[in-house]
Amino acid sequence: MTYDEFVHKGTEFYMEMVRLVDVKLKYRMEFTDEEKQIKDHIMEFQHQVKLNELRDKFEKCLEIEE
């Protein structure tokens, strides 16, 4: 599954995959290759959200200065 496919699955799928990863980490279970890929997609998605938040804050600061 590509990152774009992962993102287009929707919020419910994302939340279920986050729960899956959390449970596997909590109980120190091994990840399958597909789960590792999903874990990477979750991390990428979280980074993108954070970047967007920072970009929005930066743009608001620029608007205030102008």
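For the structure, see preceding data.
Being a predicted model, the structure only gives us computed values, none of them experimental.

Asker: Could you give an account of the overall build of the chain, with specific residues and numbers?
Answerer: Each helix and strand in the chain was counted, giving 3 helices and 0 strands. Of the regular secondary structure in the chain, the N- to C-terminal order runs α-α-α. Expressed as a percentage of the 66 residues in the chain, the buried residues total 18%. In the chain, the proportion of contacts linking residues at least 24 apart, taken out of those at least 6 apart, comes to 50%. Averaging the locations of the 11 positively and 17 negatively charged side chains of the chain gives two centres separated by 8 Å.

Asker: I'd like a rundown of the side chain of histidine 41, residues and numbers included.
Answerer: Structurally, histidine 41 is set in helix α3 (residues 33-65). When its relative accessible area of 10% is taken as the criterion, histidine 41 is described as buried.

Asker: Requested: an account of the side chain of lysine 24, with residues and values cited.
Answerer: Following the sequence through the fold, lysine 24 ends up in helix α2 (residues 11-26). Judged by its relative accessible area of 12%, lysine 24 falls in the buried class. Those residues in contact with lysine 24 that lie beyond four places of it in its chain are Met29, Glu30, Phe31 and Glu35.

Definitions and cut-offs
- Residues numbered from 1 in each chain as written.
- Predicted model: local features only at pLDDT ≥ 70, side-chain atom pairs only at ≥ 80, totals over all residues.
- Heavy atoms only, no water.
- Helix = DSSP H or I, 4+ residues; strand = E, 2+ residues; numbered from the N terminus.
- Buried < 20%, exposed > 50% of the residue type's maximum accessible area, 1.4 Å probe, protein only.
- Contact = heavy atoms within 4.5 Å.
- Lys, Arg positive; Asp, Glu negative; His and termini not counted.
- Charge placed at Lys NZ, Arg CZ, Asp CG, Glu CD.

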